[in-house]
Amino acid sequence: MRTILVAFVALSLLMTSYVFTGCSEEGDNITVNVPNDQLQGLVLELVEGYLLAPNLDCQLRCIAQYQDFADQDWTSLMSWAVSDPTWADINAWGVLRPKRTGVGEVLAISPEGWFVRANFNVNSIEHLTITLENSVLLKGEESGTTLTARLSNGQSQVVSSWLPVSWSFTDPSVAHMTSDGAVHADKVGQTVVTASLTDVNSYPVALTVDSVTSMTTNLWTPAPYLPLDTLVFHCNATMVMSGTVDVSDRVTWVASDPAHLLHVGNGVFFATAAGAYTVNATLAGITSASEHADVWDVTALQLTPGSVTDTLNGGDTLRFIAMATVTDHPVQNLTNRAQWISTSPSVGVFISPGFFQAGQTGVTEVYAQVGFVTSSRITIYAQRTALFTETFEGYPLGTFTSNSLWQVSDGGSFTGITIVSPGAGGSAKSCMISDSNSSNSSYILTQSNVFGQVYSGSFEVDVRPPQTTSEAYIRIDIMGTGMNSAIFLEFYGGTIYCNSSSVGAYANNQWIHVRAEFDCSNDYYDLYIDGDHVRDNAYFYYTQSSIGYVRIASQGSSGYMYVDNVLIDEAPTGFMSAPRGNVVECK
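Residues numbered from 1 in each chain as written. Predicted model: local features only at pLDDT ≥ 70, side-chain atom pairs only at ≥ 80, totals over all residues. Heavy atoms only, no water.

(A) Examining the overall build of the protein more closely. A count of helical and extended segments in the protein gives 2 helices and 54 strands. For the protein, with 587 residues in total, the buried portion stands at 45%. Sequence-distant contacts, at least 24 apart, represent 58% of the contacts inside the protein between residues at least 6 apart. A total accessible area of about 27600 Å² is found for the protein, and carbon and sulfur atoms account for 49% of it. (Helix = DSSP H or I, 4+ residues; strand = E, 2+ residues; numbered from the N terminus. Buried < 20%, exposed > 50% of the residue type's maximum accessible area, 1.4 Å probe, protein only. Contact = heavy atoms within 4.5 Å. Areas by Shrake-Rupley, 256 points an atom, 1.4 Å probe, with all protein chains shown as cover.)

(B) Just unusual backbone geometry, in detail. The omega angle of the peptide bond from Ala223 to Pro224 is 5 degrees, so this bond is cis rather than trans. Within the secondary structure, Pro224 is located in the loop between strand S19 (212-219) and strand S20 (230-239). The omega torsion of the bond from Thr304 to Pro305 falls at 0 degrees, within 30 degrees of zero and hence cis. Even without being glycine, Thr198 reaches a positive phi, approximately 55 degrees. With respect to the helices and strands, Thr198 occurs in the loop between strand S16 (189-197) and strand S17 (200-201).

(C) Spotlight on the sheet that holds strand S31 (residues 321-326). The sheet built from 3 strands is open, its strands ordered S28-S31-S32 with antiparallel pairing. Either end of the sheet is taken by a strand with one partner, and the two such strands are strand S28 (298-304) and strand S32 (332-333). Two strands pair when backbone bridges link them, and S28 and S31 are joined in this way by 6 bridges, in the antiparallel orientation. Note on S31: the bridge partner recorded for Leu301 is Ala324. (Pairing = 2+ DSSP bridges.)

(D) Examining the nonpolar core more closely. In terms of nonpolar packing, the biggest core is built from 52 residues, with Leu44, Leu51, Trp74, Trp80, Leu96, Val106 and Ile125 touching the most fellow members. Top element by residues in this core is strand S2 (residues 58-66). It accounts for 5 residues. In this structure, Phe392, Phe491, Val514 and Ile547 belong to the second largest nonpolar core, which totals 42 residues. (Core = buried A, V, L, I, M, F, W, Y, C linked by side-chain atoms within 4.5 Å.)

(E) Molecular detail of the pattern of salt bridges. Taken as a whole and judged by the stated rule, the model has 10 salt bridges. For Asp84, the salt bridge goes to Arg100, with nearest N and O atoms at 2.9 Å. One end of the pair, Asp84, is in the loop between strand S4 (79-82) and strand S5 (88-90); the other, Arg100, is in the loop between strand S6 (95-98) and strand S7 (102-109), and 16 residues separate them in sequence. Given the relative accessible area of 27%, Asp84 is considered partly exposed. A residue is classified by how much of its surface remains accessible, and Arg100, at 34% relative accessible area, is partly exposed. One salt bridge connects Asp477 with Arg551, and the closest N-O pair in it is separated by 3.2 Å. Pair noted here: Asp477 is in strand S46 (residues 473-480) and Arg551 is in strand S53 (residues 547-555), with a separation of 74 residues, a long-range link. (Salt bridge = Lys/Arg side-chain N within 4 Å of Asp/Glu carboxyl O.)

(F) Region of interest: the sheet that holds strand S8 (residues 115-122). Ordered in space as S4-S7-S8, the 3 strands form an open sheet in which the pairing is antiparallel. A strand with exactly one partner marks an edge of an open sheet, and here the two such strands are S4 and S8. Across the sheet, the axes of successive neighbouring strands diverge by a mean angle of 25 degrees, strand direction being ignored. (Axes fitted to C-alpha atoms, helices over the stretch in contact; angles between N-to-C directions.)

(G) Region of the structure containing the environment of Val212. If you trace the backbone, Val212 turns up in strand S19. Among the residues examined, Val212 registers a relative accessible area of 10% and is labelled buried. Separated by 74 residues in sequence, Val212 and Leu138 have C-alpha atoms that sit 7.6 Å apart.

(H) How the structure looks around the packing of aromatic side chains. As enumerated under the stated definition, the model contains 18 aromatic pairs in all. Judged by centre distance (5.3 Å) and plane angle (80 degrees), the rings of Phe233 and Phe269 are edge-to-face. Residue Phe233 is found in strand S20, and its partner Phe269 is found in strand S24 (residues 268-271); the two are separated by 36 residues along the sequence. Relative accessible area serves as the criterion here: at 1%, Phe269 is assigned to the buried category. (Phe/Tyr/Trp six-rings, centres within 6.5 Å; stacked < 30°, edge-to-face > 60°.)

(I) Highlighting the confidence of the model for the protein. Scored by pLDDT, the protein has a mean of 82; 82% of the residues are at 70 or more. For the stretch residues 1-35, pLDDT sits under 50, and the model shows 49 contacts to residues farther than four places along the chain or on other chains. This model gives residues 573-587 a pLDDT under 50, and the stretch forms 45 contacts once residues within four places in sequence are excluded. (pLDDT = per-residue confidence, 0-100.)

(J) Main features of a nonpolar patch on the surface. Where nonpolar side chains cluster on the molecular surface, the patch consists of Val188, Val240 and Met241 and spans about 240 Å² of accessible area. For Val188, the position within the fold is in the loop between strand S15 (182-185) and S16. Its relative accessible area of 34% is what places Val188 among the partly exposed residues. (Patch = residues over 30% accessible without salt bridge, like charges linked within 9 Å, V, L, I, M, F, W, Y side chains within 5 Å.)

(K) Representation of the side chain of Arg515. If you trace the backbone, Arg515 turns up in strand S50 (residues 512-519). Residue Arg515 is classed as buried on the basis of its relative accessible area of 1%. A distance of 2.3 Å separates the side chain of Arg515 from the side chain of Glu460, its partner in a polar contact. (Polar contact = N/O pair within 3.5 Å; in protein donor to acceptor, adjacent residues only side chain to side chain.)

(L) Focus on the side chain of His234. Tracing the sequence through the fold places His234 in strand S20. A residue is classified by how much of its surface remains accessible, and His234, at 18% relative accessible area, is buried.

(M) Highlighting the environment of Glu142. Secondary-structure assignment places Glu142 in strand S11 (residues 142-151). Judged by its relative accessible area of 46%, Glu142 falls in the partly exposed class. Spatially, the C-alpha atom of Glu142 lies 5.4 Å from that of Val183, the residues being 41 residues apart in sequence. For Glu142, the contacting residues outside a window of four places in its chain are Leu137, Thr178, Ala182, Val183 and His184. Of note is the side chain of Glu142, whose polar atom sits 3.1 Å from the side chain of His184.

(N) Examining the environment of Ala300 more closely. Note that Ala300 resides in strand S28. Not counting the four nearest positions on each side in its chain, Ala300 is found in contact with Met323, Ala324, Thr325 and Val373.

In structure tokens form, the structure reads like this:
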């Protein structure tokens, strides 16, 4: 196999030019597989950092890739050639020197006759750009430099330090270029720096070498300072040529107690303990005057009020004040400096320092923390604002009639709306709705001055179907002011329907808790059945601008059902935008 390959290579070398279909653009190399069990192929590439530009030497590399072994550098083993001597020269070590722009082909051949060839695109350098890390230096300082070449193909490339770049200064006594590629400041003054590569010159860059006459250090963060606080210092230097300059990121910062006032960078310190500290800065042999910072030792934190006696409704706010006992200082009001915590954010949160706002029903504990000191916890009970509740506990047994809360209508047929005893299966008195007529309805209707016009809120009720599911047909409507339903629920034949769609089954002779949360501004509702979230962001049956009342009715079938614990609730501020899913049972 090797003899045949050598013959093929020899035949290739007799060709006057190398033309290959599918030759790639710059950066894509063609790998030719060779017949060897381990050697997979050869790759020809430009060593990173070199520029492919006329009159610049650039190093090529030939890499042998193996199946089970690490790649090897075969550069020194190869014989090198170019297809067009007018395009570039190449020496025995793979150093390519292009003569002009354009695409040319390079061929590398091993002693065994294995070869690889690839195209390289040479572009001209259009211009050079110098970037200084710092254009204002102090005597003795150095600034790193970056030289970027813009090529004729529109790309930019950083010029490596080993390329033959020439640097010049309009005043060489002010600064010079070191062997490491940094500008070194020698004396106070100004100079202009330029660079050239081949026959291309860079844009000029101004450099100022200055000296410091004095420095001041100031503490910028406001007092008082407490443990765990971050303290920020700034340092301004007065210079001969530049005037006042912020040198916070250039000075050496020193604290009187670095173990407890930690420097984390550029004048930023972190206080780990109380104490009296000083901080100063040094630059170019000049040290600033010390700046003092007293970090207070807080020994106790007391909240006012120290307890909450009233239950808060949703949206209510309660203000707390944090008074701190500070060593060697009067008692301090640190309300705005404290961290305020609510253990149950869904029940309520602090909307600003010391201002607690109640949300959903529940219990939370609140407290404040300053540094390492925590106040005692205060328990807050929050509930939503109920517009209307009905448990039927205060009604006598027997027929239920219209009153200030409910309007009873029989729909033109026999109606049975009765307060029944716990013997009916409930834990307390409940209301039984029955109807012997198969085509009409009887219902309970809330008056509009009870529900009013509510734009977001919730409705809850407990219902209990009878033992025979076929008898149960009750309908609950949450209705807008235009008499159209936003949400209607039906219980019939063992199935619960919402807006004509099935949402679950119910068991006979057991209480079921239903909760609907609604928001007219977004035209959606959420529905919960016994705590299960069965509808999420569902649209109203009819779009409503507000909710006016609720209706509970037997719906044109011979049967009956019990209802109890009716709750109509207007949502507090932010209620509908808060995370939903924590169902509140109202039994």
